[in-house]
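The lines below spell out each chain.
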Amino acid sequence: MEIAASSRSREDRLFDAASQLAGIPEVVGGSITNNAGGVPGHDPVRISAGVQARGLTANVHVTCVRRDRNGLRNMLEEIHSMEIENVFAMTGDYPKSDPAAAVFDLDAVQLVRMMDELRQAGNPYWIAVAVSPFKYGEPDCVYQYLKLKKKIAAGADYAITQLGYDAAKFRELKRYVDENIGPFPMVGNVYVLNSRAAEKMANGDIPGCWVSPRLREIAKAESQDADKGRMARLERAARMVAILRGLGYAGAYLGGTHDPGDIRWIIERAATLRNSWEELAEELNFAPERAFYLYRPSPSAPAKRGLMPRLLDALVKLFPVNKENTLRRVLGTMLGWVDRKPSAARWLERFETAVKTPLFGCQSCGNCILGSMEYVCPQTCPKQLRNGPCGGTNNNGTCEVVEKQCIWASVYERAKAAHEVERLGAFIPPPDRGLEGTSSWINYFLNRDARPDNFRSLTVLSGTKPAARGTAEPLVKISPGRKSDLVPLNTEAGPKQR
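Definitions and cut-offs
Residues numbered from 1 in each chain as written. Predicted model: local features only at pLDDT ≥ 70, side-chain atom pairs only at ≥ 80, totals over all residues. Heavy atoms only, no water. Salt bridge = Lys/Arg side-chain N within 4 Å of Asp/Glu carboxyl O. Helix = DSSP H or I, 4+ residues; strand = E, 2+ residues; numbered from the N terminus. Buried < 20%, exposed > 50% of the residue type's maximum accessible area, 1.4 Å probe, protein only. Phe/Tyr/Trp six-rings, centres within 6.5 Å; stacked < 30°, edge-to-face > 60°. Lys NZ or Arg CZ within 6 Å of the ring centre and 35° of its normal. Contact = heavy atoms within 4.5 Å. 1 Å grid on protein atoms, 1.4 Å probe; cavity = no way out; pocket = protein on both sides within 12 Å on 5 of 7 lines; lining within 4 Å. Points joined across faces, edges and corners; volume = space filled by probe spheres on them. Nonpolar A, V, L, I, M, F, W, Y, C, P; charged D, E, K, R; others polar. Axes fitted to C-alpha atoms, helices over the stretch in contact; angles between N-to-C directions. Parallel < 35°, antiparallel > 145°, perpendicular 65-115°, else oblique. Left-handed = near helix turned anticlockwise from the far one by under 90°. Disulfide = S-S within 2.5 Å. Expected span 1.5 Å × (residues − 1). Pairing = 2+ DSSP bridges.

Visitor: Sorry, what's going on with the pattern of salt bridges here?
Guide: If the charged atoms of two oppositely charged side chains come close together, the side chains can form a pair. Applying the stated rule across the entire model yields 31 salt bridges. Between Asp105 and Arg69 there is a salt bridge, with its nearest N and O atoms 2.7 Å apart. A residue pair is termed long-range when its members are at least 10 positions apart, and Asp105 in the loop between strand 4 (86-90) and helix 4 (108-120) and Arg69 in helix 3 (residues 69-81) qualify at 36 residues. Note on accessibility: Asp105 and Arg69 belong to one class, buried. In this structure, a network of salt bridges that share partners links the residues Arg305, Asp313, Glu374, Glu420 and Arg423.

In structure tokens form, the structure reads like this:
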């Protein structure tokens, strides 16, 4: 269950809802939101501690919006001190009403890696991550799945989908995971959709949530019923739970209501619909008119790499400074001498910026990774993401923050044209912020920057040697020793599975 800890919600009501949810056997946990819609709400750690004290296992959302890596580390240590084990790692929605509060020092993949390092040091986190199959352009769709693979490699234990109403996309994600990742538990997002929420989601006011114009009109018509559409939206939610069960999802992530009566009704109704899930899946098809599906033939324009990437690739082949060789050692010696002369280093940084700013939008981060991103600068992303797009892009590929094409579409198209899409799966570490305003050329040749083949731990482990990470079990652990059992939705009967 999602517990929306927005600033408009009274804490006592949130805690009362948690107490009532704890009495429903099929509800295994409460997921406490943080910065939903880019707007700060109640302290998610405090609310999570209160929820857990009332008998409901808490899953606390940790977002990268307003905290740097040190602040995130402190938050995770606080979560551990509260004996909360379940964390939901997300990049987070951009705070449009307060852009100055946007930090985004890490992205979601880097945050998962930090959590995993802390786990190896002794903090028993169980890490959820988000994935959106409801992307209807090829770059967005493929990159969501590539990014999920990155999150799993970084240490994620299970995934929760973002919101959409398209059974074909739920099926697509399940197939992709089964074929490319193997047994890995996923939880499908089910939202009890009223007319007001449908309007906001259809307009793109809530990043990561997709409601088609047709579904918006249906929800609007339902609101004219005598019960203001209540039974219609509960029925839709129950059908979605039944579909997820049939597809083999590990569970459902239910939002849009805290009412225990509604929740019991949805669970019971979904159980009665178990055998008709395939027919229901055919009906849940609220997609745009032109939609990309990974496993369906789809005509697309040939990808274009562009002159600049091809020219730079040719230069790298001609002068392979990305490999250990005589040329690299000579340049390293020369730039080491420049580095020891502050005035010369400053002049080189100014020259570098003068060259790279008009070509790439360089912002002098000192940790250049253009070669890992098809020569697209990540600093031009409003969230400065380095491991793939967020889930907030609109279905025409427009950025959730600014009215322009998401930069990751260009990265994907160039990689596709070069037949190197899989290379985009490499983990890109966060930049060393202490190098801002310095020459990335010097930093690269002196191995001071952070890049895929040169980075350090995201945490200081205080002399603790990280343990080897074993193979995660194909299930969702909510919390040991508490109300922690999860009944897999694809299990007909038998003992509960933790």
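Visitor: Just to check I follow, could you spell out the packing of aromatic side chains for this structure?
Guide: Two aromatic rings are characterised by how far apart their centres lie and by the angle between their planes. As enumerated under the stated definition, the model contains 11 aromatic pairs in all. Ring centres of Tyr136 and Tyr293 lie 6.1 Å apart, and the angle between their planes is 75°; on these two criteria the pair is classed as edge-to-face. Of the two residues, Tyr136 is situated in the loop between strand 5 (126-131) and helix 5 (138-154) and Tyr293 in the loop between helix 11 (277-283) and helix 12 (307-318); the sequence distance between them amounts to 157 residues. Judged by relative accessible area, which is 4%, Tyr136 ranks as buried. Residue Tyr293 is classed as buried on the basis of its relative accessible area, which comes to 8%. With centroids separated by 4.8 Å and ring planes inclined at 25°, the aromatic side chains of Tyr145 and Tyr176 adopt a geometry described as stacked. Separated by 31 residues along the polypeptide, Tyr145 in helix 5 and Tyr176 in helix 6 (residues 167-180) bring together distant segments of the chain. With relative accessibility at 1%, the residue Tyr145 sits in the buried group. The class for Tyr176 is buried, based on a relative accessible area of 8%. An aromatic cluster of at least three residues, connected via ring pairs, comprises Phe134, Phe170 and Tyr249. Here Arg113 stacks its cationic end above the ring of Phe427, 4.7 Å away from the centre of that ring.

Visitor: Help me out: how do you make sense of the environment of Met186 in this one?
Guide: Residue position: Met186 is located in strand 7 (residues 186-191). With relative accessibility at 2%, the residue Met186 sits in the buried group. A sequence separation of 13 residues divides Met186 from Leu173, and the C-alpha atoms of the two residues are 9.3 Å apart. In this structure, Met186 is in contact with Ala159, Leu173, Lys174, Val177, Tyr249, Ala250 and Gly251, ignoring residues within four places of it in sequence.

Visitor: When you look at the layout of surface pockets in this model, what are you seeing that I'm missing?
Guide: One water molecule sets the probe size; rolling that probe over the atoms shows where empty space is left. Each pocket or cavity is described by its volume, and for the second largest pocket that value is around 1,300 Å³. Residue assignment for the lining of the second largest pocket shows that the elements contributing at least two residues are helix 12, helix 13 (326-339), helix 14 (342-360) and helix 16 (440-445). The dominant element in the lining of the second largest pocket, judged by the number of residues it contributes, is helix 12, at 6 residues. Of the residues in the lining of the second largest pocket, the class split is 21 nonpolar, 4 polar and 9 charged.

Visitor: Would you take a moment to explain the packing of helix 1 (residues 11-21) against helix 2 (residues 44-53) for this structure?
Guide: Each pair of packed helices can be summarised by the angle the axes make with each other and by the distance between the axes. Look at helix 1 against helix 2: their axes get within 9 Å of each other, and the N-to-C directions meet at 40°. The angle between helix 1 and helix 2 falls in the class oblique. Once helix 1 is placed against helix 2, the crossing between them reads as right-handed. Along its contact with helix 1, which presents Glu11, Leu14, Phe15 and Ala18, the element helix 2 presents Arg46, Ile47, Gly50 and Val51.

Visitor: Looking at this structure, I do not really get the state of the cysteines. What am I missing?
Guide: As used here, a disulfide is simply a covalent bond connecting the sulfur atoms of two cysteines. All chains considered together, the criterion is met by 0 disulfides. Considering cysteine sulfurs only, Cys390 is the nearest to Cys209, which forms no disulfide, with 12 Å between them. For Cys209, a relative accessible area of 22% gives the class partly exposed. Cys368 takes part in no disulfide bond, and the closest cysteine sulfur to it belongs to Cys365, at a distance of 6.4 Å. Taking the relative accessible area as the measure of exposure, Cys368 reaches 27% and is therefore partly exposed.

Visitor: What exactly am I supposed to notice about helix 5 here?
Guide: Given a rise of 1.5 Å per residue, 17 residues ought to cover 24 Å, and the 24 Å separating the end C-alpha atoms of helix 5 matches this to within 8%. Burial runs high along helix 5: 15 of the 17 residues are buried. Within two residues after helix 5, Gly155 carries a phi angle of roughly 135°, on the positive side.

Visitor: Would you take a moment to explain the sheet that holds strand 7 for this structure?
Guide: The strands making up a sheet associate through backbone hydrogen bonding, with each pair oriented either parallel or antiparallel. Spatially, 8 strands are ordered 1-2-3-4-5-6-7-8 in an open sheet, and the strand pairing comes out parallel. Each edge of the open sheet is held by one strand with a lone partner, namely strand 1 (2-3) and strand 8 (251-255). Sheet topology note: the strand 6 (residues 158-161)/strand 7 ladder contains 2 bridges and is parallel. Paired with Ile160 across the bridge in strand 7 is Val187.

Visitor: Is there a simple way to think about the packing of helix 5 against helix 6 in this case?
Guide: Where helix 5 meets helix 6, the axes come as close as 11 Å, and the angle between the chain directions of the two elements is 45°. It follows that helix 5 is oblique to helix 6 by the angle criterion. For the crossing formed where helix 5 meets helix 6, the hand is right-handed. Two secondary-structure elements touch here, helix 5 through Cys141, Tyr145, Leu146, Leu148 and Lys149 and helix 6 through Lys169, Glu172, Leu173, Tyr176, Val177 and Asn180.

Everything listed here is a matter of geometry and, on its own, says nothing about what the molecule does.
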